[in-house]
Amino acid sequence: MKNLGILLSGRGSNFIAIAENVASGNIPDSRIAVVVSNRADAQGIETARQRGLNAVVIPSKGKAREEHDREVVAALKENKVDLVCLAGYMRLLSLWFVQQFPQRILNIHPSLLPSFPGLEAQEQAFAYGVKVTGCTVHFVDEELDHGAIIVQKTVPVLDSDDEETLAARILEQEHVAYSEAIRIVLEGKFEIVGRRLVGSKR
Ligand code: GRF
(Lines give C-alpha, C1' and ligand atoms only; values in the text may rest on other atoms or scores of the structure.)
Protein backbone atom coordinates (compact mmCIF):
# COMPACT_ATOMS: atom_id res chain seq x y z
CA MET A 1 0.00 0.00 0.00
CA LYS A 2 1.48 3.32 -1.10
CA ASN A 3 0.74 6.54 0.73
CA LEU A 4 -0.03 9.60 -1.37
CA GLY A 5 0.38 13.12 -0.03
CA ILE A 6 -1.48 15.88 -1.87
CA LEU A 7 -0.37 19.51 -1.68
CA LEU A 8 -2.80 22.17 -2.89
CA SER A 9 -3.61 25.86 -2.58
CA GLY A 10 -7.01 26.26 -4.22
CA ARG A 11 -9.94 24.64 -5.98
CA GLY A 12 -8.71 21.06 -5.77
CA SER A 13 -10.29 19.51 -8.87
CA ASN A 14 -7.15 17.51 -9.66
CA PHE A 15 -7.11 16.30 -6.07
CA ILE A 16 -10.73 15.12 -6.41
CA ALA A 17 -9.94 13.26 -9.64
CA ILE A 18 -7.02 11.52 -7.92
CA ALA A 19 -9.16 10.70 -4.86
CA GLU A 20 -11.83 9.16 -7.08
CA ASN A 21 -9.30 7.05 -8.96
CA VAL A 22 -7.80 5.87 -5.67
CA ALA A 23 -11.28 4.99 -4.34
CA SER A 24 -12.24 3.11 -7.53
CA GLY A 25 -9.00 1.15 -7.67
CA ASN A 26 -7.88 2.88 -10.88
CA ILE A 27 -4.79 3.84 -8.93
CA PRO A 28 -4.24 0.47 -7.26
CA ASP A 29 -2.79 -0.28 -3.82
CA SER A 30 -2.74 3.31 -2.68
CA ARG A 31 -4.41 5.65 -0.24
CA ILE A 32 -4.40 9.40 0.32
CA ALA A 33 -2.56 9.68 3.62
CA VAL A 34 -2.69 13.46 3.94
CA VAL A 35 -3.87 16.57 2.10
CA VAL A 36 -1.90 19.72 2.92
CA SER A 37 -2.82 23.28 1.99
CA ASN A 38 -0.79 26.41 2.58
CA ARG A 39 -4.04 28.38 2.55
CA ALA A 40 -6.83 27.91 5.09
CA ASP A 41 -9.43 29.12 2.57
CA ALA A 42 -8.55 26.57 -0.14
CA GLN A 43 -11.70 24.88 -1.42
CA GLY A 44 -9.69 21.67 -1.81
CA ILE A 45 -9.03 21.40 1.92
CA GLU A 46 -12.76 21.69 2.64
CA THR A 47 -13.44 18.93 0.10
CA ALA A 48 -10.77 16.75 1.71
CA ARG A 49 -12.46 17.16 5.10
CA GLN A 50 -15.88 16.35 3.63
CA ARG A 51 -14.37 13.17 2.22
CA GLY A 52 -13.09 12.24 5.67
CA LEU A 53 -9.46 12.55 4.62
CA ASN A 54 -6.66 13.77 6.83
CA ALA A 55 -6.56 17.48 5.91
CA VAL A 56 -3.92 19.82 7.30
CA VAL A 57 -3.46 23.58 6.84
CA ILE A 58 0.11 24.80 7.15
CA PRO A 59 0.04 28.56 6.46
CA SER A 60 2.92 29.88 4.39
CA LYS A 61 2.22 33.57 4.82
CA GLY A 62 5.04 35.45 6.54
CA LYS A 63 7.32 32.41 6.69
CA ALA A 64 10.64 31.92 4.93
CA ARG A 65 10.41 29.26 2.19
CA GLU A 66 12.56 26.69 3.99
CA GLU A 67 10.81 27.16 7.30
CA HIS A 68 7.46 26.44 5.67
CA ASP A 69 8.90 23.57 3.63
CA ARG A 70 10.23 21.98 6.83
CA GLU A 71 6.77 22.00 8.37
CA VAL A 72 5.21 20.51 5.24
CA VAL A 73 7.88 17.81 4.93
CA ALA A 74 7.38 16.95 8.62
CA ALA A 75 3.64 16.44 7.99
CA LEU A 76 4.37 14.27 4.93
CA LYS A 77 6.90 12.15 6.82
CA GLU A 78 4.62 11.80 9.85
CA ASN A 79 2.05 10.35 7.48
CA LYS A 80 4.63 8.07 5.84
CA VAL A 81 4.02 9.56 2.41
CA ASP A 82 5.65 7.67 -0.48
CA LEU A 83 4.60 9.98 -3.32
CA VAL A 84 3.94 13.72 -3.13
CA CYS A 85 1.44 15.12 -5.67
CA LEU A 86 1.34 18.87 -6.19
CA ALA A 87 -2.18 19.70 -7.33
CA GLY A 88 -2.46 23.44 -7.82
CA TYR A 89 0.10 24.08 -5.08
CA MET A 90 1.15 27.67 -5.67
CA ARG A 91 4.61 27.46 -4.10
CA LEU A 92 8.03 26.76 -5.52
CA LEU A 93 9.70 23.98 -3.50
CA SER A 94 13.13 24.57 -2.00
CA LEU A 95 15.99 22.32 -3.11
CA TRP A 96 15.97 20.87 0.40
CA PHE A 97 12.30 19.82 0.04
CA VAL A 98 12.97 18.24 -3.37
CA GLN A 99 15.90 16.28 -1.93
CA GLN A 100 13.70 14.78 0.80
CA PHE A 101 11.66 12.89 -1.85
CA PRO A 102 13.97 12.06 -4.77
CA GLN A 103 11.86 11.29 -7.85
CA ARG A 104 8.87 11.14 -5.57
CA ILE A 105 7.27 14.54 -6.22
CA LEU A 106 4.92 15.14 -9.17
CA ASN A 107 3.33 18.29 -10.52
CA ILE A 108 0.71 19.02 -13.16
CA HIS A 109 0.93 22.00 -15.45
CA PRO A 110 -1.76 23.17 -17.91
CA SER A 111 0.42 23.40 -21.04
CA LEU A 112 2.71 21.24 -23.11
CA LEU A 113 6.00 22.00 -21.36
CA PRO A 114 8.48 23.48 -22.05
CA SER A 115 6.00 25.88 -23.67
CA PHE A 116 4.27 28.32 -21.36
CA PRO A 117 5.66 27.61 -17.89
CA GLY A 118 4.52 29.74 -14.97
CA LEU A 119 1.18 31.31 -14.21
CA GLU A 120 -1.87 31.34 -16.49
CA ALA A 121 -0.42 28.88 -18.97
CA GLN A 122 -3.76 28.40 -20.74
CA GLU A 123 -4.11 32.15 -21.32
CA GLN A 124 -0.49 32.34 -22.48
CA ALA A 125 -1.09 29.57 -25.03
CA PHE A 126 -4.36 31.13 -26.21
CA ALA A 127 -2.82 34.56 -26.66
CA TYR A 128 0.21 33.12 -28.48
CA GLY A 129 -2.11 31.54 -31.01
CA VAL A 130 -0.93 27.92 -30.80
CA LYS A 131 -3.23 25.40 -32.48
CA VAL A 132 -2.45 22.61 -30.02
CA THR A 133 -1.85 22.83 -26.30
CA GLY A 134 -2.49 20.44 -23.42
CA CYS A 135 -1.13 19.45 -20.06
CA THR A 136 1.99 17.91 -18.58
CA VAL A 137 2.62 15.79 -15.49
CA HIS A 138 6.29 15.93 -14.55
CA PHE A 139 8.70 15.20 -11.74
CA VAL A 140 9.47 18.23 -9.63
CA ASP A 141 12.93 19.64 -9.30
CA GLU A 142 13.95 22.97 -7.80
CA GLU A 143 13.22 24.84 -11.05
CA LEU A 144 9.68 25.94 -11.90
CA ASP A 145 7.74 23.54 -14.18
CA HIS A 146 10.95 21.82 -15.17
CA GLY A 147 11.57 18.15 -14.17
CA ALA A 148 11.39 15.05 -16.37
CA ILE A 149 8.06 14.57 -18.15
CA ILE A 150 5.88 11.57 -17.23
CA VAL A 151 2.64 12.11 -19.20
CA GLN A 152 1.41 14.73 -21.66
CA LYS A 153 -2.05 15.07 -23.21
CA THR A 154 -2.80 17.28 -26.18
CA VAL A 155 -5.82 19.53 -26.59
CA PRO A 156 -6.64 21.30 -29.88
CA VAL A 157 -7.32 25.03 -29.77
CA LEU A 158 -10.58 25.65 -31.64
CA ASP A 159 -11.50 28.82 -33.54
CA SER A 160 -14.57 29.02 -31.31
CA ASP A 161 -12.51 28.86 -28.08
CA ASP A 162 -11.98 31.59 -25.55
CA GLU A 163 -9.63 31.32 -22.57
CA GLU A 164 -12.31 29.70 -20.42
CA THR A 165 -13.51 27.02 -22.84
CA LEU A 166 -9.91 26.11 -23.64
CA ALA A 167 -8.93 25.93 -19.96
CA ALA A 168 -11.97 23.73 -19.25
CA ARG A 169 -11.00 21.22 -21.97
CA ILE A 170 -7.41 21.18 -20.73
CA LEU A 171 -8.66 20.55 -17.18
CA GLU A 172 -10.60 17.45 -18.35
CA GLN A 173 -7.35 16.06 -19.72
CA GLU A 174 -5.48 17.00 -16.53
CA HIS A 175 -7.85 14.84 -14.54
CA VAL A 176 -7.01 11.84 -16.74
CA ALA A 177 -3.28 12.56 -17.06
CA TYR A 178 -2.51 12.92 -13.36
CA SER A 179 -3.81 9.51 -12.36
CA GLU A 180 -2.08 7.91 -15.33
CA ALA A 181 1.22 9.45 -14.22
CA ILE A 182 0.73 8.32 -10.62
CA ARG A 183 0.12 4.76 -11.82
CA ILE A 184 3.30 4.83 -13.92
CA VAL A 185 5.41 6.15 -11.05
CA LEU A 186 3.98 3.75 -8.46
CA GLU A 187 4.49 0.81 -10.82
CA GLY A 188 8.12 1.86 -11.11
CA LYS A 189 8.77 0.20 -14.48
CA PHE A 190 10.72 3.10 -15.93
CA GLU A 191 14.09 4.70 -15.96
CA ILE A 192 15.10 8.27 -16.58
CA VAL A 193 17.73 8.68 -19.26
CA GLY A 194 18.84 12.30 -19.37
CA ARG A 195 15.47 13.99 -19.18
CA ARG A 196 13.62 11.11 -20.87
CA LEU A 197 11.34 8.78 -18.95
CA VAL A 198 11.40 5.44 -20.76
CA GLY A 199 9.90 2.08 -19.91
CA SER A 200 12.23 -0.50 -18.38
CA LYS A 201 11.82 -4.26 -18.68
CA ARG A 202 12.34 -5.17 -15.05
C1 GRF B 1 -4.53 23.24 -12.67
O2 GRF B 1 -4.78 23.90 -13.88
C3 GRF B 1 -3.12 22.72 -12.63
O4 GRF B 1 -2.64 22.32 -13.87
C5 GRF B 1 -2.35 23.91 -12.14
O6 GRF B 1 -3.18 24.50 -11.18
C7 GRF B 1 -4.55 24.20 -11.49
C8 GRF B 1 -5.14 23.56 -10.26
O9 GRF B 1 -6.51 23.31 -10.40
N10 GRF B 1 -1.06 23.51 -11.61
P11 GRF B 1 -7.25 22.44 -9.32
O12 GRF B 1 -7.02 23.13 -7.98
O13 GRF B 1 -6.66 21.05 -9.33
O14 GRF B 1 -8.68 22.46 -9.70
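Residues numbered from 1 in each chain as written. Predicted model: local features only at pLDDT ≥ 70, side-chain atom pairs only at ≥ 80, totals over all residues. Heavy atoms only, no water.

**Structural notes on the domain arrangement of the protein**
For the record, the criterion: Note: domain ranges come from an automatic or database domain assignment. Note on definitions: buried area is the accessible-area loss of two parts on being combined, 1.4 Å probe, summed for both. Only one rule defines a salt bridge in this text: a Lys or Arg side-chain nitrogen within 4 Å of an Asp or Glu carboxyl oxygen.
Looking at the protein, the domain boundaries give domain 1 (1–101) and domain 2 (107–202). Measuring from the centre of the C-alpha atoms in domain 1 to the corresponding centre in domain 2 gives 19 Å. The largest per-residue losses of area from domain 1 upon contact with domain 2 belong to Asn14, Leu83 and Leu86, which jointly make up 29% of the total buried on that side. Where domain 1 meets domain 2, there are zero salt bridges.

**Considering the site of the ligand**
As a reminder, the rule being used: Near residues are defined by distance, with any heavy atom within 4 Å of the molecule or strand qualifying the residue. N or O atoms within 3.5 Å of each other form a polar contact, as long as, within protein, one can give a hydrogen and the other can take it, and as long as residues adjacent in sequence are counted only when both atoms are side-chain atoms. Here, Shrake-Rupley sampling with a 1.4 Å probe gives the accessible areas, and only protein chains in the shown set may cover a residue. A helix here means a DSSP run of H or I that spans at least four residues, while a strand means a run of E at least two residues long, and both kinds are numbered starting from the N terminus.
Near the ligand, the surroundings consist of Arg11, Gly12, Ser13, Asn14, Gly88, Ile108, His109, Pro110, Gln122 and Glu174. One nitrogen or oxygen atom from the main chain of glycine 12 is found 2.7 Å from an oxygen atom belonging to the ligand. Serine 13 has a polar side-chain atom sitting 2.6 Å from an oxygen atom of the ligand. Protein burial of the ligand: of its 360 Å² of free accessible surface, 87% is covered by the chains. Elements that contribute at least two residues to the shell around the ligand include exactly helix H1 (13–23) and strand E5 (105–109). Composition of the shell around the ligand by domain shows at least three residues from each of domain 1 (1–101) and domain 2 (107–202).

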